[in-house]
Amino acid sequence: MKRILTLLLLLALLCGCTAAPAEPTGGLKRYQATFLTLFDTVTTIVGYAESEEAFTATAQAIHDQLLEYHQLYDIYNEYEGLSNIKTINDHAWEQPVEVDQRIIDLLQFSKELYTQTGGRVNIAMGSVLRLWHDAREAGIQDPGAAALPDGEALELAAAHTDIDSIQIDPEQGTVFLSDPEVRLDVGAIAKGYAVEQVCRNAPSGLLISVGGNVRATGPKPENGQPWVVGVQDPDDSEQYLHTLYVEDRSVVTSGDYQRYFTVDGVAYHHIIDPDTFFPAGYWRAVTILCGDSGVADALSTALFTLPQEEGQALLDAFGAEAMWVRPDGTVLYSPGFQAYIRV
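Notes on the structure in this doc start here.

Reading the values: rules and limits
- Residues numbered from 1 in each chain as written.
- Predicted model: local features only at pLDDT ≥ 70, side-chain atom pairs only at ≥ 80, totals over all residues.
- Heavy atoms only, no water.
- Pairing = 2+ DSSP bridges.
- Helix = DSSP H or I, 4+ residues; strand = E, 2+ residues; numbered from the N terminus.
- Buried < 20%, exposed > 50% of the residue type's maximum accessible area, 1.4 Å probe, protein only.
- Polar contact = N/O pair within 3.5 Å; in protein donor to acceptor, adjacent residues only side chain to side chain.
- Contact = heavy atoms within 4.5 Å.
- Axes fitted to C-alpha atoms, helices over the stretch in contact; angles between N-to-C directions.
- Expected span 1.5 Å × (residues − 1).

### Looking at the sheet that holds strand S4 (residues 97-98)
Read across the sheet, 3 strands follow the order S4-S6-S5 without closing on themselves; strand pairing throughout is antiparallel. Sheet topology places S4 and strand S5 (166-169) at the edges, where each strand pairs with a single neighbour. By the bridge criterion, 2 bridges tie S4 to strand S6 (residues 174-177) in an arrangement that is antiparallel. When the sheet's bridge partners are listed, Val-97 is paired in S6 with Val-175.

Here it is, written out as structure tokens:
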């Protein structure tokens, strides 16, 4: 479900494994690593180290941890000797499937977020989301034949989205789908959750972006200054609305302007309202600032499907901040968001 997030790092993003270091400061040099193998998007790790070898070892360790989460949370691909989310979708309606503890943790976290967001983030909507995914892929491949999902099929799928159908047995480490038609889609939360778990054990002073899901693990170690992250203008991929200064925050954006297709001149994006099972229409983009990347990921989806007042209530409950972009381009802010903006 999760959109390709639309945050631009205000960094010189390179295509190779490491960037040439900047001039040394206090014995530290800046390095950068870019990977294309995680969560079907671009991952960039930026940090400071005494040598390229030291930074490369750190970046590779982070990559390897994220790769494990990528494979565990994959809903499309199988991996030899590994039970993942696809395994649950394929077999857990037949009998309980034993899975890695990291899947148990994600599913429990997701069910908690479902309750806390009033059902705005529902990982049991996989059947609905798959219909929209298939329609979008077909529409992008052949725009002339683009069509909405079949109405009857969508209605049938919408009847099988009960999150309580996901039955977790923590002691046995198993997952069972009591409704054979329920399918999981963790795209609204898995990437942020994985980033958060890895960053909790990562060295301080890194900036990690997984498809634009940005997490700082502390200020820059060379001078103690915050990292700079730019938020893309929905109408111009070469421009940004603001630059944000963060030290230990996650910055996540949901937007309607990258993963979409057009039918009869109307654009249909991928962020589906759980009330209508059609793309939500409140906003062009919502950017979240939050200490927990998994929560930020979920909130960016939840707030995209809510009017501002209801979204603000969720922000208050989680101690997070947000910026909303209306369809007409007007920008709104939660009370504390602008503290992270510098002119």
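### With respect to the side chain of Ser-293
Here Ser-293 is to be found in helix H7 (residues 293-304). The exposure class assigned to Ser-293 is buried, which follows from its relative accessible area of 0%. From its side chain, Ser-293 meets the backbone oxygen of Gly-192 in a polar contact 3.4 Å long. With residues near it in sequence (within four places) discarded, Ser-293 still touches Gly-192, Val-195, Glu-196, Asn-213, Arg-215 and Ser-250.

### Looking at the sheet that holds strand S7 (residues 207-210)
As summarised here, the arrangement of the 8 strands in space is S2-S3-S7-S8-S11-S14-S15-S16, forming an open sheet in which the pairing is antiparallel. In this open sheet, the two edge strands, each paired with only one partner strand, are strand S2 (29-38) and strand S16 (331-333). Across the sheet, the mean angle separating the axes of adjacent strands is 15 degrees when strand polarity is ignored. Inspection of the sheet shows strand S3 (residues 41-49) paired to S7 by 4 bridges, in the antiparallel sense. The partner of Val-46 across the bridge, within S7, is Leu-207. Running at roughly 160 degrees to strand S15 (residues 321-325), helix H8 (residues 308-318) makes contact with strand S14 (285-290), S15 and S16 of the sheet.

### As for the environment of Ala-216
Within the element layout of this structure, Ala-216 appears in strand S8 (residues 213-216). Overall, Ala-216 belongs to the buried group, its relative accessible area being 0%. Sequence-wise, Ala-216 and Thr-161 are 55 residues apart; in three dimensions their C-alpha atoms are separated by 34 Å. Those residues in contact with Ala-216, other than ones at most four positions away along the chain, are Leu-206, Leu-207, Trp-227, Val-246, Glu-247, Asp-248 and Arg-249.

### Side note on helix H1 (residues 52-72)
The terminal C-alpha atoms of H1, which comprises 21 residues, lie 30 Å apart, in line with the 30 Å expected from a rise of 1.5 Å per residue. Turning to H1, its buried residues are Phe-55, Ala-59, Ile-62, His-63, Leu-66, Tyr-69, His-70 and Leu-72. In this structure, the buried side of H1 is in contact with S2, S3, helix H2 (85-91), helix H3 (101-116), helix H6 (190-200) and S7.

### Considerations on unusual backbone geometry
Positive phi is not limited to glycine here, since Phe-39 has a value of about 55 degrees. Looking at the secondary structure, you find Phe-39 in the loop between S2 and S3. Owing to a relative accessible area of 16%, Phe-39 belongs among the buried residues under this scheme. One non-glycine residue, Asp-264, adopts positive backbone phi at about 55 degrees. The class for Asp-264 is exposed, based on a relative accessible area of 78%.

### Remarks on the environment of Phe-176
Topologically, Phe-176 is positioned in strand S6. Under the relative-accessibility criterion, Phe-176 is labelled partly exposed at 23%. Along the chain, Phe-176 and Glu-94 lie 82 residues apart, while their C-alpha atoms are 8.0 Å from each other. Those residues within four positions of Phe-176 in sequence are excluded, and the remaining contacts are Ala-92, Trp-93, Glu-94, Gln-95, Pro-96, Ser-165, Ile-166 and Gln-167.

### Remarks on the pairing of S6
One face of the sheet, then the other: side chains in a regular strand alternate in exactly this way. When S5 meets S6, the two strands line up antiparallel, connected through 4 bridges. Within the sheet, the bridge partner assigned to Gln-167 lies in S6 and is Phe-176. Linking two consecutive strands that pair antiparallel, namely S5 and S6, is a turn of 4 residues; a positive phi of about 70 degrees is found at Gly-173 within it.

### Let's talk about the environment of Lys-111
Note on placement: Lys-111 falls in helix H3. Through-space distance from the C-alpha of Lys-111 to that of Pro-203 is 30 Å; in sequence the pair is 92 residues apart.

### Brief notes about the pairing of S7
Neither face of S7 is open: one carries Leu-207 and Ser-209, the other Ile-208 and Val-210, and all of them are buried. Note that S7 and S8 share 4 bridges and pair antiparallel. Across the sheet, Leu-207 pairs through a bridge with Ala-216, a residue of S8.

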